[in-house]
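# Observations on chain architecture
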Amino acid sequence: MNVQALFDANEYITLTDYLQRLGIKDVQTYLKATTVEDDNNYAHINEAVEQFMKYKEENKHIATLVDSDVDGYLSSSMLRSFIHNKYGIDIQFFIHDKFPKAHGLNDREIQKELAESNVELLFIPDASANIHGNIYNKDGEQIEIIVLDHHNNVAEREDTILVSNQYSPNVVNTVGSGTLVTWHFIHKLDEKLANKYISYVFISILSDSMSLLSDENRTFVDRGIKDIHPYLEPFVDKYNKDNTPKSYAYGGIIPRFNATIRLADKQEKSDLFECLCGNQETLKKTLKTCTHYYNQQNPMCADLIENNVDIDDVNQKVLLCKINVQTPLTGLVANKLMSKYNKPIILVHDNENECAGSARCPMKLQKVLEASGKFNYAEGHDEAFGVSYQKKNEDDIKNFLYTLNLPKPIIDVVQSIDVEQLSTSMIRNFENYDYLWATNLKKPTYHIHGIKLKKDDIQVLGKTGTTIKFRVGDWDFIKFFCSHDWQEKTFIYDEMKIEVIGTLAWNEWQGAKTPQVIIDDMEVKKDELSFEDLF
């Protein structure tokens, strides 16, 4: 297993050691969670405030464009709710529908709707206005635009005031979400009221996988999780198992919102957005809608991978894949393929002269593709972005990807240790910090080697037989969601050498506490006797 350990095998590690090694310089300040950036660090924020106030006071028609992900829904709903509660104004909103993976103004349907509207000022939170030409309303008036964004490929335009953490030299936190940038805008308008929306920012930071190593992001997560906004409470109460960041991100409201935004029809998406704005007439129905689409998306992804995805197996550095149907699940399918093959995935649909889709990578690749000049665009985040290229250039693209000098994906672990080095102090040192772990600040993960087992030592548990367990000394090792096919291909030897990557925890059952390793990944090889073992 290709692992990189933060610490040597014999080092004793505390939380402070771990956080410092991850790059957090002042651990005390970080854990105190009181860092909030000065709004004025954002370039053009005062211009944006002045523009909004001018249009508000002149009773101009104002709207927001809702980007097609959780960060987009939270940033626009927070902005719309704030304006309603502060000024008594219900601004219009536009939602991507026929092109659900379009972003910002790069959507012909949205451009048409705006051209038929009387909008005079348009907010674009969590996206951009990256198109050629200006946008005009039905009266032929140019629509002025305020962009509140965090992406690194936003074009500056004459009709646009750009407020961005990527294009503001004084901003310290360049890894905040679109909702965080939008929050700084409303905070500039009313600090007290803006503070009521901190939980919107908290959830967006998790949903967009923003770095939790940032002091400011840590502050919003810490404060937001303790003060959930009333408009969000019904969703949290319904979907979250507990009040930890992990519960929000995995199996909680974030994947349910994502599924609804990807798969629902326009009315259902509008109902969700209205609920987040505080109009909860459709709340009961929307809760059911979110559950419905959440339950649908994984089987749909599995079916797409099996029946509709063609993988180019020639290139072992970057997999260029084709999907033969249009689907809003392209990004999610690409992500599942990346997890399966542990290498960058470019998943595109053939649209006559253009191939377009999503890229998901276990390393930073977006800027590499963008700088190559071979793609129409490669826009988004470093490891998750939209991509497009001309079909006639596909052979050239394949050659370029084949010659890329990419590092082999490395799995970061806290320590790489022999199974005999496992100690319950490794659990105790980190067992009270579940409120910290999420996205790139993960619960300490260990690489454990030197495990020797017989095939009969493997227990298969659960009604579906998809949980495996074995015991080494005083420690239980358990792995969930092991398909029958995976088990048949993995446990093929009578005598095995096993390496695992996993987290450590206590298993409490009927009053007894047993140390256990919860396995994320494992590698099984045949245990062949060495020359020394024969004598």
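Located above this text is the structure these notes cover.
Only a predicted model underlies this, so the values are computations on that prediction, with no experimental measurement involved. Once a new chain begins, its residue numbering starts again from 1 and follows that chain's sequence as written. At least 70 in pLDDT is required for a residue's local features to be given in this predicted model, at least 80 for side-chain atom pairs to be given and counted, and no such filter applies to totals for whole chains, interfaces and linings, which use all residues. Only heavy atoms go into the side-chain values, all of them from the structure, while hydrogens and water stay out.

Before going further, it helps to spend a moment on the packing of aromatic side chains. The description of an aromatic ring pair uses the distance of the two centres, along with the angle that the planes make with each other. Ring geometry is summarised as follows: Phe, Tyr and Trp rings, the Trp one being its six-membered ring, pair when their centres sit within 6.5 Å, and such pairs are stacked at plane angles under 30 degrees, edge-to-face over 60 and tilted between the two. Applying the stated criterion across every chain yields a total of 18 aromatic pairs. By way of ring pairs, the aromatic residues Phe52, Tyr87, Phe123 and Phe185 are connected into one cluster. A positively charged side chain is recorded as over a ring if its NZ (Lys) or CZ (Arg) lies within 6 Å of the ring centre. The angle to the ring normal must also be within 35 degrees. Lying across the ring of Phe7, Arg21 places its NZ or CZ 4.2 Å from the centre. Against the face of Tyr294 rests Arg256, its NZ or CZ located 4.1 Å from the ring centre.

Further remarks concern the pattern of salt bridges. Criterion for a salt bridge: a side-chain nitrogen of Lys or Arg within 4 Å of a carboxyl oxygen of Asp or Glu. This model, assessed by the stated rule, comprises 17 salt bridges. One salt bridge connects Glu58 with Lys54, and the closest N-O pair in it is separated by 3.7 Å. Categorising residues by exposure relies on relative accessible area from a 1.4 Å probe, with only protein chains included: less than 20% of the type maximum marks a residue as buried, more than 50% marks it as exposed, and the intermediate range marks it as partly exposed. On the basis of relative accessible area, Glu58 is assigned to the partly exposed category, the value being 40%. Accessibility expressed as a relative area gives 40% for Lys54, which makes it partly exposed. When the shortest N-O distance is used, the salt bridge between Glu274 and Arg80 registers 3.2 Å. Taken together, the residues span a long stretch of sequence, with Glu274 in helix H13 (residues 266–277) and Arg80 in helix H4 (residues 70–87) at a distance of 194 residues. When sorted by exposure, Glu274 lands in the same class as Arg80, which is buried. Strands here are runs of E lasting at least two residues and helices are runs of H or I lasting at least four, both read from the DSSP assignment and numbered beginning at the N terminus.

Right, let's talk about helix H3 (residues 45–57) for a bit. Along its 13 residues, H3 runs 18 Å from first to last C-alpha, staying within 8% of the 18 Å computed at 1.5 Å per residue. Every buried residue belonging to H3 is among Ile45, Ala48, Val49, Gln51, Phe52, Tyr55 and Lys56, and all of these are buried. Mapping the buried residues of H3 onto a view down its axis gives an arc of 165°, with all of them on the same face. Counted as exposed and oriented over 90 degrees from the buried face of H3: Glu50 and Glu57. Of the surrounding elements, those touching the buried residues of H3 are strand E2 (62–66), H4, strand E4 (121–125), strand E5 (144–149), strand E6 (160–164) and helix H6 (178–189). Given a helix with a known number of residues, its expected span is that number minus one, times 1.5 Å. To be clear, the arc concerns the directions from the helix axis to the C-beta atoms. Residues are treated as being in contact if the distance between any of their heavy atoms lies within 4.5 Å.

With that out of the way, let us pick up the sheet that holds strand E17 (residues 467–472). In space, the seven strands of this open sheet follow the order E14-E15-E19-E20-E18-E17-E16, with mixed pairing throughout. Either end of the sheet is taken by a strand with one partner, and the two such strands are strand E14 (415–418) and strand E16 (459–461). Averaged over all pairs of adjacent strands, the angle between their axes in this sheet comes to 35°, without regard to strand direction. Here strand E18 (residues 475–479) pairs with strand E20 (residues 512–526) via three bridges, running parallel. Looking at the pairing, Phe477 lines up with Val517 of E20. Note: two strands are recorded as paired if DSSP finds a minimum of 2 bridges between them. A fitted line through C-alpha atoms serves as each axis, taken over the contacting stretch for helices, and the angle formed by two N-to-C directions is quoted from 0 to 180°.

The subject of this paragraph is the sheet that holds E4. Within the open sheet, the five strands sit side by side as E3-E2-E4-E5-E6. Their pairing is parallel. The sheet is open, and its two edges are formed by strand E3 (92–95) and E6, each paired on a single side. The average undirected angle you get between the axes of adjacent strands in this sheet is 20°. In this structure, E5 lies alongside E6, joined through five bridges in parallel fashion. Bridging across to E6, Val147 finds its partner in Leu162. In the packing of helix H5 (residues 108–115) onto the sheet, the strands contacted are E2, E3 and E4, and the crossing angle to E3 comes to about 155°.

Here we take up the nonpolar core. With 104 residues, the main nonpolar core has Phe235, Ile448, Phe470 and Phe477 as its most contacted residues. Aside from chain neighbours lying at most four places away, what touches Phe477 is Val419, Leu422, Ile448, Ile451, Ile468, Lys469, Phe470, Val472, Val500, Val517 and Ile519. Residues grouped as a nonpolar core are buried Ala, Val, Leu, Ile, Met, Phe, Trp, Tyr and Cys residues, joined through side-chain atoms within 4.5 Å.

Secondary-structure assignment places Leu332 in helix H15 (residues 330–341). Linking Leu332 and Leu287, residues 45 residues apart in sequence, is a C-alpha distance of 22 Å. Among all residues touching Leu332, those that are not within four sequence positions of it are Arg262, Gln297 and Cys301.

By secondary structure assignment, the location of Pro409 is in the loop between helix H17 (394–403) and strand E13 (411–413). A relative accessible area of 17% means that Pro409 is categorised as buried. Leaving out residues up to four positions away in the same chain, Pro409 has contacts with Asn2, Asn342, Lys343, Pro362 and Met363.

Now for unusual backbone geometry. We note that His44 has phi near 70°; this positive angle belongs to a residue other than glycine. Mapping His44 onto the fold places it in the loop between helix H2 (27–32) and H3. Positive phi is not limited to glycine here, since Gln510 has a value of about 55°. Mapped onto the fold, Gln510 is located in the loop between strand E19 (495–509) and E20. Given a relative accessible area of 70%, Gln510 falls into the exposed group.

Right, let's talk about H17 for a bit. Along H17, the residues that are buried comprise Glu394, Ile397, Phe400 and Leu401. Projected down its long axis, H17 shows its buried positions confined to an angular sector of 120°, all on one face. Of the exposed residues in H17, the ones pointing more than 90 degrees away from its buried face are Asp395, Asn399 and Thr403. Of the surrounding secondary structure, the elements contacted by the buried residues of H17 are strand E8 (319–323), strand E9 (345–351), strand E10 (354–360), helix H16 (366–372) and strand E12 (384–390).

A regular strand places its side chains so that they alternate between the two faces of the sheet. Here E10 runs beside E12; their pairing, made up of seven bridges, is antiparallel. Paired with Glu354 across the two strands is Gln390, which belongs to E12. With four bridges joining them, strand E11 (residues 377–380) and E12 adopt antiparallel strand pairing. Its bridge partner lying in E12, Tyr377 is registered against Ser388. Where E11 hands over to E12, the hairpin turn is made up of three residues, counted between the paired strands.

Now for a negative patch on the surface. Distance thresholds for patches are 9 Å for like charges and 5 Å for nonpolar side chains (Val, Leu, Ile, Met, Phe, Trp, Tyr), applied to residues having over 30% relative accessible area and no salt bridge. Method for areas: the Shrake-Rupley scheme with a 1.4 Å probe, in which residue coverage is limited to the protein chains shown. For the charge count, each Lys or Arg is scored as positive and each Asp or Glu as negative, with His and the chain ends excluded. Every charge is mapped onto a representative atom, which is NZ of Lys, CZ of Arg, CG of Asp or CD of Glu. A grouping of Asp456, Asp457, Asp494 and Glu495 is seen on the molecular surface, where their side chains present a negatively charged patch. Relative to the elements of secondary structure, Glu495 occurs in strand E19.

Relative to the assigned elements, Asp126 resides in the loop between E4 and E5. Judged by relative accessible area, which is 0%, Asp126 ranks as buried. What qualifies as a polar contact is a pair of N or O atoms within 3.5 Å, subject to a donor-acceptor requirement within protein and to the restriction that residues adjacent in sequence count only when both atoms come from side chains. Side-chain polar atoms of Asp126 contact the backbone nitrogen of Gly72, separated by 3.1 Å.

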